[in-house]
Amino acid sequence: MRQKAKELLESGEVKVVIGYGQGSAPFKSTPIFIEKPEDAHKLIWNPTCVNNLTVYLRDACRQGKAAIVVKPCDARSIIELIRENQIERDDVVILAMSCPGVLNLDALAEIDLADVKSVEWHQSGIAIKTNAGETIIPSEKAFASKCLSCELAESPIADKKFGEPIERHPIRSKYADIEELEKMLPKERRAYWARQFARCIRCYACRSVCPGCYCKECFTDKPCQLWVLRSTDVESNWFFHFSRAMHTAGRCIACGECERVCPMGIPLMRLNQKMRKEVREMFGEEAGTNPEAPPTLGTFDLKNDPDPCSE
Ligand code: SF4
Ligand code: SF4
Ligand code: SF4
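Just so we're clear, the structure is a prediction, and the values are computed from it rather than from any experiment. (Residues numbered from 1 in each chain as written. Chains lettered and ligands numbered in written order. Predicted model: local features only at pLDDT ≥ 70, side-chain atom pairs only at ≥ 80, totals over all residues. Heavy atoms only, no water.)

Colleague: Is there a simple way to explain unusual backbone geometry in this structure?
Modeller: With the exception of glycine, the majority of residues adopt a negative phi angle, and the majority of peptide bonds are in the trans configuration. The phi torsion at asparagine 85 lies on the positive side, around 60°, for a residue other than glycine. Backbone geometry at alanine 254 places phi at a positive 60°, although glycine is not the residue there. Within the secondary structure layout, alanine 254 lies in the loop between helix H9 (234–248) and helix H10 (257–261). (Helix = DSSP H or I, 4+ residues; strand = E, 2+ residues; numbered from the N terminus.)

Following this line, the structure appears as structure tokens:
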């Protein structure tokens, strides 16, 4: 992958390679933007490569053709960005990695973080090397929850693939987290979400990290709007979250980034997975699977969906 990135920059085919670099500690990576071929060695690929880097793609493509390192789940965001005319397919070179799963940082709770030397994939999970030796954390504990239900053997869109396709054996249903919610009465569900949204500090980290939240100006930032107050309260928080869920419906690819970055631990993926399930049941498709299909909720077909106002 480093060699390919170097060649792309040397030939001038791309202006930048967006990838993962070493973070502030061995158990962290950070997004990096490589513009010089001699810097391609800074790219890394290991279980700490958690971020969905496609959130940077629109801005990068405005400066010229860009290459990007993606996991199979993140590649689905590229399909959505193409479908929604946010980027052109020809403006991006997709370097698609084979991915066994990414690190769930909570899995390191019992390890002295100052002592961690490296984090690597292991056949039964993730291997953490410390001064004291090697600890193998089993897959069901080591990997992010989205990885436990991952069905993607390889990237659904790519220019160059690295590594072999992964044989997947999901150990949980992708809708496992919403089964309990679906059993609740509407008033119980409402109370559940009111409790969750009461904790939201409206830092908007969930919005900033989402590749599907790409409006130039979010409606919540418009000075004249009165739906979402500047101060936090349950009603305004509620309005923000349900509007965001509606706006990302049909384009949310369940990368889990919004939930991962939430400082208040709000279970946003329950909302996202419910919306994905509804969209699948109503329209028969899931975001990020078909680059040729028109945007699910951005298409209006008068033949199949007649406008009663015109009658
Ligand atoms: S969901 Fe699948 S592709 Fe995405 S990080 Fe987990 S294992 Fe990798
Ligand atoms: S990241 Fe969490 S706390 Fe911040 S706005 Fe989103 S839900 Fe609220
Ligand atoms: S709403 Fe969350 S899970 Fe869905 S695409 Fe955005 S960041 Fe990813």
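Resuming the write-up.
Colleague: For this particular structure, what's the right way to read the packing of aromatic side chains?
Modeller: We describe a pair of aromatic rings using the distance from one ring centre to the other and the angle between the two ring planes. Scanning all chains against the criterion turns up 10 aromatic pairs. Residues phenylalanine 197 and phenylalanine 242 carry aromatic rings whose centres are separated by 5.7 Å and whose planes lie at 85° to one another, so their mutual orientation is edge-to-face. Pair noted here: phenylalanine 197 is in helix H7 (residues 186–198) and phenylalanine 242 is in helix H9, with a separation of 45 residues, a long-range link. An angle of 75° between the planes, with centres 4.9 Å apart, marks the rings of tyrosine 204 and phenylalanine 240 as edge-to-face. One end of the pair, tyrosine 204, is in the loop between H7 and helix H8 (205–208); the other, phenylalanine 240, is in helix H9, with 36 residues separating them in the sequence. In terms of burial, tyrosine 204 and phenylalanine 240 fall into one category: buried. An aromatic cluster of at least three residues, connected via ring pairs, comprises Tyr192, Trp193, Phe197, Trp238 and Phe242. (Phe/Tyr/Trp six-rings, centres within 6.5 Å; stacked < 30°, edge-to-face > 60°. Buried < 20%, exposed > 50% of the residue type's maximum accessible area, 1.4 Å probe, protein only.)

Colleague: What am I meant to see in the site of ligand 1 here?
Modeller: Every residue lining ligand 1 is accounted for by Lys71, Pro72, Cys73, Cys99, Gly101, Val102, Lys146, Cys147, Cys150 and Arg168. Listed by contribution, the elements that provide at least two residues to the shell around ligand 1 are helix H3 (72–83) and helix H5 (145–148). For the shell around ligand 1, the class distribution of residues is six nonpolar, one polar and three charged. (Near = heavy atom within 4 Å. Nonpolar A, V, L, I, M, F, W, Y, C, P; charged D, E, K, R; others polar.)

Colleague: Would you take a moment to explain the environment of threonine 130 for this structure?
Modeller: Relative to the helices and strands, threonine 130 is located in strand E6 (residues 125–130). The sequence separation of threonine 130 and aspartate 115 amounts to 15 residues, and the corresponding C-alpha distance is 5.3 Å. Each residue touching threonine 130, except ones within four places of it in the same chain, is listed here: Ile111, Asp115, Val116 and Lys117. (Contact = heavy atoms within 4.5 Å.)

Colleague: Teacher, can you tell me more about the site of ligand 3 here?
Modeller: Contacts to ligand 3 come from Cys210, Arg244, Cys252, Ile253, Ala254, Cys255, Gly256, Glu257, Cys258, Met269 and Asn272. Sorting the residues of the shell around ligand 3 by element identifies H10 and helix H11 (268–283) as the ones contributing at least two each.

Colleague: Looking at this structure, how should I read the sheet that holds strand E5 (residues 116–122)?
Modeller: Within a sheet, neighbouring strands are paired by backbone hydrogen bonds and run either parallel or antiparallel to one another. Strand order in the open sheet formed by three strands is E5-E6-E7, with antiparallel pairing between adjacent strands. Each having just a single partner strand, E5 and strand E7 (133–138) make up the two edges of the open sheet. Taking each pair of neighbouring strands and ignoring which way they run, the sheet shows an average axis angle of 20°. Both E5 and E6 contribute to a ladder of six bridges, which runs antiparallel. Directly across from serine 118, in E6, lies its bridge partner lysine 129. (Pairing = 2+ DSSP bridges. Axes fitted to C-alpha atoms, helices over the stretch in contact; angles between N-to-C directions.)

Colleague: It is not clear to me how the pattern of salt bridges should be interpreted in this structure. Could you clarify?
Modeller: Working definition: two side chains of opposite charge can pair if their charged atoms are close together. This structure, assessed with the given rule, holds 22 salt bridges. Of the charged contacts, one joins glutamate 120 and lysine 129 as a salt bridge, the two residues approaching to 3.7 Å between their closest N and O atoms. By relative accessible area, which is 34% here, lysine 129 ends up partly exposed. Its salt-bridge partner being lysine 174, residue glutamate 151 comes within 3.8 Å of it at the nearest N-O pair. Note that glutamate 151 is positioned in the loop between H5 and strand E8 (160–162) and lysine 174 in the loop between E8 and helix H6 (176–183), a separation of 23 residues in sequence. Judged by its relative accessible area of 55%, glutamate 151 is exposed. Overlapping salt bridges bring together Glu151, Lys174, Arg276 and Glu286 as one network. (Salt bridge = Lys/Arg side-chain N within 4 Å of Asp/Glu carboxyl O.)

Colleague: Teacher, can you tell me more about the pairing of strand E4 (residues 92–97) here?
Modeller: Within a regular beta strand, the side chains point alternately toward one face of the sheet and then the other, so they alternate between its two faces. Within E4, six of the six residues are buried, which leaves the element mostly enclosed by the surrounding structure. The alternating pattern of E4 places Val92, Ile94 and Ala96 and Val93, Leu95 and Met97 on opposite faces, both of which are buried. Alignment of strand E3 (residues 66–70) against E4, held across five bridges, turns out to be parallel. From the neighbouring strand, alanine 67 faces E4, where its bridge partner is valine 93. Taking the sense of rotation as the criterion, the β-α-β connection linking E3, H3 and E4 turns out right-handed. Of the strand pairs in this sheet, E4 and E8 are connected by three bridges, and their pairing is parallel. Bridge pairing in E8 links leucine 95 to lysine 160. (Right-handed = clockwise from strand over helix to strand, strands pointing away.)

Colleague: I would appreciate a short explanation of the sheet that holds E8 in the present structure.
Modeller: In spatial order, the strands read E2-E1-E3-E4-E8; together these five strands make up an open sheet with mixed pairing. The strands lining the two open edges of the sheet, one partner per strand, are strand E2 (29–34) and E8. Within the sheet, the average angular offset between the axes of one strand and its neighbour, ignoring direction, is 25°. For strand E1 (residues 16–22) and E3, the ladder comprises three bridges, and the chain directions are parallel. Counted as the bridge partner of valine 17 is alanine 67 from E3. Across the sheet, H3 lies against E1, E3 and E4, angled at about 140° from E3, the strand it touches most.

Purely geometric stuff here, so don't read any function into it on its own.
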